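Remarks on the overall topology
Residues per chain, in single letters:
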Amino acid sequence: MSEMDDLAAFAMLMEAGSFTSAAERLGCSKGQLSKRIRLLEQGLGAALLHRTTRRLDLTAAGAALLPEAQALAAQAERARQSVLRLQEDLAGCVRLTVPVSLGETFFDALLLDFTRQYQQIRIELDLHNGYRDLVAEGFDLAIRSGMDIDDRLVARPLFSLQEITCATPAYLAEHGEPLQPADLARHQCLLNTHYSAFEEWLYHRQHQLERVKVAGALASNHYSLLKKAAMSGAGIARLPSYMIYDELADGRLVWLLRDYQTRQMPVFLVHPWQGGLPRRTQVLADYLLAWFERSRRVLDKAGE
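Rules used throughout
- Residues numbered from 1 in each chain as written.
- Predicted model: local features only at pLDDT ≥ 70, side-chain atom pairs only at ≥ 80, totals over all residues.
- Heavy atoms only, no water.
- Helix = DSSP H or I, 4+ residues; strand = E, 2+ residues; numbered from the N terminus.
- Rg over C-alpha atoms; globule rule 2.2 N^0.38 Å.
- Contact = heavy atoms within 4.5 Å.
- Areas by Shrake-Rupley, 256 points an atom, 1.4 Å probe, with all protein chains shown as cover.
- Lys, Arg positive; Asp, Glu negative; His and termini not counted.
- Charge placed at Lys NZ, Arg CZ, Asp CG, Glu CD.
- Domains from an automatic or database assignment.
- 1 Å grid on protein atoms, 1.4 Å probe; cavity = no way out; pocket = protein on both sides within 12 Å on 5 of 7 lines; lining within 4 Å.
- Points joined across faces, edges and corners; volume = space filled by probe spheres on them.
- Nonpolar A, V, L, I, M, F, W, Y, C, P; charged D, E, K, R; others polar.
- Buried < 20%, exposed > 50% of the residue type's maximum accessible area, 1.4 Å probe, protein only.
- Expected span 1.5 Å × (residues − 1).
- Arc of directions from axis to C-beta.
- Phe/Tyr/Trp six-rings, centres within 6.5 Å; stacked < 30°, edge-to-face > 60°.
- Core = buried A, V, L, I, M, F, W, Y, C linked by side-chain atoms within 4.5 Å.
- Axes fitted to C-alpha atoms, helices over the stretch in contact; angles between N-to-C directions.
- Left-handed = near helix turned anticlockwise from the far one by under 90°.

So, on to the overall build of the protein chain. Counting secondary structure elements, the protein chain contains 10 helices and 13 strands. Taking 2.2 N^0.38 as the reference for a compact globule, 304 residues should give roughly 19 Å; the C-alpha atoms of the protein chain span a radius of gyration of 32 Å, well beyond that estimate. Counting only C-alpha atoms, the protein chain reaches 105 × 40 × 30 Å along its principal axes. In the protein chain, the proportion of contacts linking residues at least 24 apart, taken out of those at least 6 apart, comes to 72%. Counting every atom, the protein chain has about 16700 Å² of accessible surface; 50% of that belongs to carbon and sulfur. The protein chain carries 34 positive and 37 negative side-chain charges, and their two centres are separated by 6 Å.

Written as structure tokens, this is what we have:
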């Protein structure tokens, strides 16, 4: 026990009026409490109590010390209650909805790290590419791309999503490398049906827009499936930079048409508009914003 603990025990003793009653409140034996008071007296070099069989009387030193001990005990209790309130505020569930590919790429490791730091918070993660009504469906946070954000939501920028045109070296060795967007018309392209005009790929260069009609044997609304197909050599895909950073860096995928700009979309962390977020939700929101801020340079420049 520390000297502060012994001072708190001294204050409790005088409040309870007897060693027996004070020991019960402190959850220790009468003998242990008596020993703590003796150690406190030894440390101070002064007797604090006149001990009799019926009552506890303070010495002059005890009378001088008691108000300070009571103040320290009260301060310690306030600190304890503050910690308890903080823990209670943090405890509970936060519901988060995230696009499938983003969740599969980042959120296993990211949220495991978060829950190690905040073990009293439970994360309910929903991976879904469609629209979720956060208010009606009871979600606390969401990650969304694009500019069309519901005016009932608060949106904070995370990063910019860029699509990279890519293929494996093996595919390119067999079919040749497209040097301009028009060349894609003769290639097997892996199409993303999440977009309405998925059979038309757009490219920008020097303020000129090029539209290319593309086709292929595989189409899906799932980035991860399209990535697997591209990695198997099935064709040319357009994938988010955040999904293929490692593959571009080690040469398993080749970035094609790098002189042409492709679709870029801002990605936001959003939550329903309200006066103030619950503390557990705010803690997770701050964590996500800080994590993506640290990673933004990699995410925005993946593959360079």
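Now that the structure has been shown, we can carry on.
As a further point, take the domain arrangement of the protein chain. By convention, interface size is frequently given as the accessible area that disappears when the constituent parts associate. The domain boundaries assigned to the protein chain delineate domain 1 (3-85) and domain 2 (91-303). In this structure, domain 1 and domain 2 have C-alpha centres spaced 61 Å apart.

Moving on, we come to empty space enclosed by the protein. For the coordinates displayed, the defined rule picks out two cavities of 30 Å³ or more. Taken as a whole, the largest cavity holds about 100 Å³ of empty space. Lining the largest cavity we find Glu163, Leu190, Asn192, Tyr195, Ala197, Phe198, Glu200, Trp201, Leu202, Tyr223, Arg238 and Arg263. Mapped onto the lining of the largest cavity, the elements with two or more residues apiece are strand 7 (189-192) and strand 8 (200-205). When residues in the lining of the largest cavity are grouped by element, the largest group, three residues, is from strand 8. Looking at the lining of the largest cavity residue by residue, the classes come out as seven nonpolar, one polar and four charged. Its volume calculated, the second largest cavity comes out at about 40 Å³. When residues in the lining of the second largest cavity are grouped by element, the largest group, four residues, is from strand 6 (residues 153-167). Grouping the amino acids of the lining of the second largest cavity by side-chain chemistry returns six nonpolar, three polar and one charged.

The next thing to look at is the environment of Ala8. Considering the arrangement of structural elements, one finds Ala8 in helix 1 (residues 3-16). Classification of Ala8 as partly exposed rests on a relative accessible area of 26%. Each C-alpha atom of the pair Ala8 and Ala71 lies 9.0 Å from the other, and the pair is 63 residues apart in sequence.

This part is about helix 3 (residues 30-44). With 15 residues, helix 3 extends 21 Å between its outermost C-alpha atoms, agreeing within 8% with the 21 Å of an ideal straight helix rising 1.5 Å per residue. Residues of helix 3 that are buried: Leu33, Ser34, Arg36, Ile37, Leu40 and Glu41. Viewed along the axis of helix 3, the buried residues span an arc of 160°, placing them on a single side of the element. The outward face of helix 3, more than 90 degrees from its buried face, is lined by the exposed residues Gln42 and Gly43. The inward-facing, buried residues of helix 3 contact helix 1, helix 2 (19-26) and strand 1 (49-51).

Applying the stated criterion across every chain, the model contains seven aromatic pairs. Their ring planes at 40° and their centres at 6.4 Å tell us that Phe107 and Phe292 sit as a pair that is tilted. On the criterion of sequence distance, the pair formed by Phe107 in helix 5 (residues 100-117) and Phe292 in helix 10 (residues 279-300) is long-range, its members being 185 residues apart. Phe107 gets classed as buried once you look at its relative accessible area, which sits at 2%.

To continue, consider helix 1. For helix 1, with 14 residues, the first-to-last C-alpha span of 20 Å sits near the 20 Å given by 1.5 Å per residue. One or two residues past the end of helix 1 sits Gly17, with phi positive at roughly 90°.

A separate point is the nonpolar core. Phe107, Ile143 and Phe292 are the most contacted members of the largest nonpolar core, which has 44 residues in total. For this core, the element with the most residues is helix 10, which contributes eight residues. In this structure, Phe107 is in contact with Leu96, Val98, Leu102, Leu112, Leu125, Ile143, Leu288 and Phe292, ignoring residues within four places of it in sequence. Phe10, Phe19, Cys28 and Ala69 belong to the second largest nonpolar core, which has 20 residues in total.

Here we take up the packing of helix 1 against helix 3. In contact at an axis separation of 9 Å, helix 1 and helix 3 are set at 115° when each is read in the N-to-C sense. The two elements helix 1 and helix 3 meet at a crossing, and its hand is left-handed. In this structure, helix 1 uses Glu3, Asp5, Asp6, Leu7, Ala9, Phe10 and Leu13 to contact helix 3, whose residues at the interface are Leu33, Arg36, Ile37 and Leu40. Each residue belonging to the contact of helix 1 with helix 3 can be placed in one class, and the counts come to seven nonpolar, no polar and four charged.

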